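Spelled out, the chains give:
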Amino acid sequence: MRVFFSSILTLASVCGALAATPEWFSHAGFGVALPAGVDPRVWMPRIAASGARYVVAETPNTALAELTGNYRLRLLRRSEYSTLGQWVPPGPLPANKGVDGRWEANFAMTDDSGGGTARELIRLLIEVNSKGGNLLLSLPPNADDGVRALEGIGQWLRVNGEAIFDASPSPYDRMPLFGRATAKGNTLYLHLFQWPANGKWTVPGLQNEIVSAQLLGSDTKLTKSGATIELPASAPHGAASVIRLTLKGAPIVQPYVIGPGEDGWIIAPAEACEFQTRPGMVVRKDNRAGRVYLSHWTRAIDVPAWKVFVPRDGRYKVEIVYTASEASKGVLFTVTMKGPTMGIVKGTVEPTGGASRRLPVSDMELEAGNHLLLVQPENKAGQPAMELEAVRLRRIGD
């Protein structure tokens, strides 16, 4: 799925744009941009059924305004929305001095392979809203390509819309799971992109007592023990299933920093990274057969990053877990740890024959403290770097 941004704004300019944002836009969540040449009479019922709250058009007129109003949709002129921040940050933006407003990201619904899937777009909608934004999807020039995607989003929102509309951003600054979170008062919504194989889910870092747990779309209360929830054997939805947690008080969570496990390994999994990137980003997280990995990693400027805690000074061995096809053979990559001191090691991707492989990279000297872990490939434009699953570090001698 190709991502299009008309601009990247600084935090100051984003906040400046929010100050002029109409109040309703603060909870709009999702809108659709109409390209020139499509028949709005055909598309308006489809857009309304998708759960969108607003429509953006190049040249709104009275007839279009009346049509959108009939479907309880807001109408914006493209020049009005283009001044808003079109940017997907690594986390929620700081509050803008009490102004209740949102930034906005504008994504195309199709990619070079013929179309963004409903699964991809639902996850994108969740991510943008979990970070305090609105998602604007642009219909493709051949608008029929968007029919199935809009239908899929609408079906998902009819069950799970309460976790998107009028919801607050995630209380987590970084996600310790493959999914996202939103909140509303004393309710925490966990959007799970991958279902736990053992049928249990322990809510990470939650400091509140859980009063009750329920899957959206089901009247059955889930059994809980402390912060662990018993789940059905299979996920209700292939894109994202939502657990609604009623808490004692508004959600309070511990900041997520990756540290050593019981075996001494510091493991930074793909699902826990955020991307340092620029416009045109195509890399994304995906899952298949129990694996979570970076997919469509075809630009060297899309850099995954993790927050990592190193408890002791020393020399650490570094390795990655990944799969790669012949197209990625020979791609160089750099693993960097930025902290009290900087550690840098380089490696080369080799094809794995379709199986996950653990590749030792090198050793680096590190001081104890908090670090930012980054992996940057040196692939050619359009060349897949690899399907990265995790970065692993361990102190030598432990």
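This is a predicted model, so every value here is computed, not measured.

Colleague: Any chance you could explain the sheet that holds strand 23 (residues 387-395) here in plain terms?
Modeller: Sheet strands pair via backbone hydrogen bonds, and the direction of the pair is either parallel or antiparallel. With antiparallel pairing, the four strands of this open sheet are ordered in space as 13-23-18-21. Edge strands, defined here as strands with exactly one partner in the open sheet, are strand 13 (266-269) and strand 21 (357-366). Sheet twist, expressed as the mean angle between neighbouring strand axes with direction ignored, is 20°. Here strand 18 (residues 314-323) runs beside strand 21; their pairing, made up of nine bridges, is antiparallel.

Colleague: What is the right way to look at the packing of helix 2 (residues 40-49) against helix 3 (residues 62-70) in this model?
Modeller: A pair of packed helices is captured by two measures, namely the crossing angle of their axes and the spacing between those axes. Running from N to C, helix 2 and helix 3 point in directions that differ by 25°, and their axes come no closer than 10 Å. Taken together, the axis directions place helix 2 and helix 3 in an arrangement best described as roughly parallel. Of the two possible hands of crossing, helix 2 and helix 3 adopt the one that is right-handed. On helix 3, the residues touching P40, R41 and M44 of helix 2 are L64, L67 and T68. Here the residues of the contact of helix 2 with helix 3 are counted per class, giving four nonpolar, one polar and one charged.

Colleague: I'm lost on the packing of helix 2 against helix 6 (residues 147-160) in this one. Help?
Modeller: For the pair helix 2 and helix 6, the least separation of the axes is 8 Å and the interaxial angle reads 35°. Residues W43, R46 and A49 of helix 2 form the contact with helix 6, whose participating residues are V147, L150, G154 and R158. Class assignment for the residues of the contact of helix 2 with helix 6 results in four nonpolar, one polar and two charged.

Colleague: Just checking my understanding: could you explain the pairing of strand 7 (residues 187-192) for this structure?
Modeller: With six of its six residues buried, strand 7 lies for the most part within the structure. Neither face of strand 7 is exposed, since T187, Y189 and H191 on one face and L188, L190 and L192 on the opposite face are all buried. Two elements, strand 6 (residues 179-184) and strand 7, share six bridges in a ladder whose sense is antiparallel. By the bridge assignment for strand 7, G179 is matched with L192. Following strand 6, the chain reverses through two residues before pairing antiparallel with strand 7; G185 in that reversal takes a positive phi of roughly 65°. Two strands pair when backbone bridges link them, and strand 7 and strand 12 (residues 241-247) are joined in this way by six bridges, in the antiparallel orientation.

Colleague: Explain the pattern of salt bridges to me, please; I cannot follow it from the model alone.
Modeller: Any two side chains of opposite charge can pair, given that their charged atoms come close. Within the structure shown, the criterion is met by 21 salt bridges. The salt bridge involving D286 is made with R119; its shortest N-O contact spans 3.0 Å. A residue pair is termed long-range when its members are at least 10 positions apart, and D286 in strand 15 (residues 284-288) and R119 in helix 5 (residues 118-130) qualify at 167 residues. Owing to a relative accessible area of 30%, R119 belongs among the partly exposed residues under this scheme.

Calculation criteria
Residues numbered from 1 in each chain as written. Predicted model: local features only at pLDDT ≥ 70, side-chain atom pairs only at ≥ 80, totals over all residues. Heavy atoms only, no water. Pairing = 2+ DSSP bridges. Helix = DSSP H or I, 4+ residues; strand = E, 2+ residues; numbered from the N terminus. Axes fitted to C-alpha atoms, helices over the stretch in contact; angles between N-to-C directions. Parallel < 35°, antiparallel > 145°, perpendicular 65-115°, else oblique. Left-handed = near helix turned anticlockwise from the far one by under 90°. Contact = heavy atoms within 4.5 Å. Nonpolar A, V, L, I, M, F, W, Y, C, P; charged D, E, K, R; others polar. Buried < 20%, exposed > 50% of the residue type's maximum accessible area, 1.4 Å probe, protein only. Salt bridge = Lys/Arg side-chain N within 4 Å of Asp/Glu carboxyl O.

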